[in-house]
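# Breakdown of the fold
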Amino acid sequence: MAKSKGTAEDDVVTIKKYANRRLYDTERSCYITLEDLGTMVRDGRDFRVVDAKSGDDITHNVLTQIIMDEETRGETLLPVNFLRHLIGMYGDKMQSMVPQYLEASMTAFRKNQQDVRSALEGALGSNPLAELTRRNMEMFQQAAGAFIPGAGGASKAKDAEIAALKTEIAELKSELAKKK
């Protein structure tokens with residue numbers, strides 16, 4: 001959501017939420033909706049929401065409400081099993097690690113998404129999909145190693161699976177090249 005790590009406080013739009021649930025954009029001097037905030041997120045515009053009376057930062061709650069509204073409209077991104085696992089993590093010993101893990105995972109996903117788009121536009125070299133697959137496997141192994149001791153190391157079964165995936169990717173690339 002932030003423009004960059006070094007975003008100045010001046011670049012963060014302050015949104016005031018009043019007791020009547022209205023949201024006021026202090027930058028544009030107008031009332032806005034949760035849908036407008038969703039658009040700001042998608043546009044990469046950084047903001048914080050404060051309770052107009054107390055001054056408390058309630059950005060987390062408002063962003064959660066935006067997700068709830070999107071999920072209610074049928075735009076579901078969060079599978080039921082994921083939600084159950086997430087709820088199950090509350091109160092768990094590893095709860096403090098979950099936010100950083102989810103944020104890092106989402107950052108990696110967004111990066112890979114951008115790389116795939118670039119690859120499809122022909123901006124990358126001749127073998128972008130294999131490189132993405134390799135990086136994804138490395139990140140998965142690192143993540144698994146952080147939570148499950150010994151999971152980060154490759155076993156013979158994993159090596160065989162990786163080799164099979166590499167073969168499948170090579171075949172898919174070959175088919176893709178033929179279609180061009």
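Look a little higher up for the structure.
Reference entry: report on the structure contained in this document. Since the model is a prediction, treat every value here as computed from it, not as a measurement.

## A look at unusual backbone geometry
Even without being a glycine, Arg-21 presents a positive backbone phi close to 75°. In this structure, Arg-21 sits in the loop between strand E1 (13-17) and strand E2 (23-25). The backbone phi angle of Ser-29 is positive, close to 55°, even though this residue is not glycine. Looking at the secondary structure, you find Ser-29 in the loop between E2 and strand E3 (30-32). The class of Ser-29 is exposed, set by a relative accessible area of 51%.

## A few points about the sheet that holds E1
Reading across the sheet, the 4 strands line up as E3-E2-E1-E4 and stay open at both edges, with mixed pairing between neighbours. Only two strands of the sheet have a single neighbouring strand rather than two, namely E3 and strand E4 (47-51). Strand-to-strand, the axes of this sheet are offset by a mean angle of 35°, without reference to chain direction. Sheet topology places E1 next to E2; 3 bridges connect them, and they run antiparallel. For Lys-17, the partnering residue across the bridge sits in E2 and is Leu-23. Packing of helix H1 (residues 34-42) onto the sheet brings it into contact with E1, E2, E3 and E4, and relative to E4 it is tilted by some 150°.

Conventions we followed
- Residues numbered from 1 in each chain as written.
- Predicted model: local features only at pLDDT ≥ 70, side-chain atom pairs only at ≥ 80, totals over all residues.
- Heavy atoms only, no water.
- Helix = DSSP H or I, 4+ residues; strand = E, 2+ residues; numbered from the N terminus.
- Buried < 20%, exposed > 50% of the residue type's maximum accessible area, 1.4 Å probe, protein only.
- Pairing = 2+ DSSP bridges.
- Axes fitted to C-alpha atoms, helices over the stretch in contact; angles between N-to-C directions.
- Contact = heavy atoms within 4.5 Å.

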